Amino acid sequence: MRTYKILLNNLLDIGGVATINNFYSHKAKTPKGCLLYTRKLFKSYLENGLIEKIDTIGKPANKAREVFYCLTKRGAHYIGRANEYKYRKYTRSPANVMHESMKFDIAIALLRLFPHYKFTFRYNLNLYGVCPDIFVKVEHLDFKGQSKFFLVEIERKKTVDRVFHEKIKKYEEMFVEIARKKSHNLSQFTALFVYTDIWFDVFLRHQEYNDPKVLEHISFVNNLVKNLVNHYCKNLSDSRYRFMAFHNFYCLNDLVWHTPQGNRVKI
């Protein structure tokens, strides 16, 4: 499939909304280069009516990072998926733009890094009172087997103890309810906690990570994730939880995930 259509397909797959920054070039060598081709694609999509710019409340500081675009019905028809189109052109508030961008970074990374899997993304699931940021159904394209489900939590907080007390405890309660009511197969679920602190610039692409100050901050966040795992999560089910620092979103298929026992594993 041509690159021109791949991006539109990925946009529809993740829910029909994203920024130019979300679709940066993973293989580019420089910060400037990582958005060069994507800008050209988005400009062409706009000119041909395949996507539309979503209005924002207030003036965004950086349009590539903070302005979202949505697929149009014409765009869905162009890629042969008109029956999957849903209207998404709702005005966006700048208040949660970082969190939204992080969600789509994770979703797009899954699509790009695991091409032999089919991912179905939902953002509005409520499971026994737990509402994950992304509910992901995972199916292998080459053979039929039991589906897996990722419950993705994007955690951007000052301290890691809040992640445990405000989120993980609720997940434990949810898993207890699932087991008690036997409503789902627990072995199919994996909760993925993606953490960074509130000072890390989540809009940075990995081509910008060579800056000494960024590298220092990355090291700091890595230690926070280790602290979360070692001091709060070591008694959790080792098969049910995975933890990752957000800055690893571009290589989340590598050994960047921590188990509750502190081991580094692939997803």
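Please read these numbers as outputs of a predicted model, since none were measured by experiment.

Participant: A description of the overall build of the chain should follow, citing residues and the corresponding values.
Facilitator: Along its length, the chain carries seven helices and 10 strands. The globule rule puts the C-alpha radius of gyration for 267 residues at 18 Å, and the 19 Å found for the chain is close to it. If you line up the chain on its principal axes, its C-alpha atoms span 55 × 45 × 35 Å. For the chain, buried positions account for 48% of its 267 residues.

Participant: Can you lay out the pairing of strand β3 (residues 68–71) for me, pointing to particular residues and giving the numbers?
Facilitator: Taking every second residue as pointing to the same face, both faces of β3 are buried, with F68 and C70 on one and Y69 and L71 on the other. Relative to β3, strand β2 (residues 51–53) runs antiparallel, the two being bridged by three bridges. Paired with I51 across the strands is L71, a residue of β3.

Participant: Outline the packing of helix α6 (residues 160–181) against helix α7 (residues 212–232), listing residues and values.
Facilitator: Here α6 crosses α7 at 55 degrees, and the two axes come no closer than 9 Å. Taken together, α6 and α7 sit at an angle that is classed as oblique. Along this stretch, α6 crosses α7, giving a crossing that reads as right-handed. Where α6 approaches α7, its residues V160, D161, V163, F164, H165 and I168 are matched on the opposing element by L224, N227, L228 and Y232. For the contact of α6 with α7, the per-class residue count stands at seven nonpolar, two polar and one charged.

Participant: Please give an account of the pattern of salt bridges that cites residues and values.
Facilitator: Enumeration over the complete set of coordinates arrives at 15 salt bridges. Across the pair K167 and E153 runs a salt bridge, and its minimum N-O distance is 3.1 Å. Remark: E153 occurs in strand β6 (residues 148–156) and K167 occurs in helix α6; sequence separation between them is 14 residues. Residue K181 pairs with E177 through a salt bridge whose shortest N-O separation is 3.9 Å. Within this pair, K181 and its partner E177 are both found in helix α6, separated by four residues, close to a single helical turn. For E177, a relative accessible area of 24% corresponds to the partly exposed category. By sharing partners, the salt bridges in this structure join E153, E155, K157 and K167 into a single network.

Participant: Which residues make up the packing of aromatic side chains, and what values do they have?
Facilitator: Applying the stated criterion across every chain yields a total of 26 aromatic pairs. Between Y4 and Y78, the ring centres sit 6.1 Å apart and the planes meet at 85 degrees, which makes this aromatic pair edge-to-face. Note that Y4 is positioned in helix α1 (residues 3–13) and Y78 in helix α4 (residues 73–78), a separation of 74 residues in sequence. For Y4, a relative accessible area of 14% puts it in the buried group. Looking at R92, its charged tip hangs above the ring of F68, at a distance of 4.9 Å from the centre. In this structure, R112 is placed above the aromatic ring of Y24, and the distance from its NZ or CZ to the ring centre is 5.7 Å.

Participant: Would you mind going over the sheet that holds β2 in detail, with residue names and values included?
Facilitator: Spatially, three strands are ordered β1-β3-β2 in an open sheet, and the strand pairing comes out antiparallel. Both edges of this open sheet fall to β1 (17–19) and β2, since each of them pairs with a single strand only. Direction aside, neighbouring strands of the sheet carry axes that sit 35 degrees apart on average. Its contacts with the sheet place α1 against β1, β2 and β3, and it is angled at close to 95 degrees to β3. Packing against the sheet, helix α2 (residues 33–47) makes contact with β1, β2 and β3, and its axis sits at approximately 100 degrees to β2.

Participant: An account of the side chain of H217 is needed here, citing residue identities and associated values.
Facilitator: In this fold, H217 is placed in helix α7. By relative accessible area, which is 18% here, H217 ends up buried. Apart from residues lying up to four places away in sequence, H217 is in contact with D197, W199 and F200.

Cut-off values and rules
Residues numbered from 1 in each chain as written. Predicted model: local features only at pLDDT ≥ 70, side-chain atom pairs only at ≥ 80, totals over all residues. Heavy atoms only, no water. Helix = DSSP H or I, 4+ residues; strand = E, 2+ residues; numbered from the N terminus. Rg over C-alpha atoms; globule rule 2.2 N^0.38 Å. Buried < 20%, exposed > 50% of the residue type's maximum accessible area, 1.4 Å probe, protein only. Pairing = 2+ DSSP bridges. Axes fitted to C-alpha atoms, helices over the stretch in contact; angles between N-to-C directions. Parallel < 35°, antiparallel > 145°, perpendicular 65-115°, else oblique. Left-handed = near helix turned anticlockwise from the far one by under 90°. Contact = heavy atoms within 4.5 Å. Nonpolar A, V, L, I, M, F, W, Y, C, P; charged D, E, K, R; others polar. Salt bridge = Lys/Arg side-chain N within 4 Å of Asp/Glu carboxyl O. Phe/Tyr/Trp six-rings, centres within 6.5 Å; stacked < 30°, edge-to-face > 60°. Lys NZ or Arg CZ within 6 Å of the ring centre and 35° of its normal.

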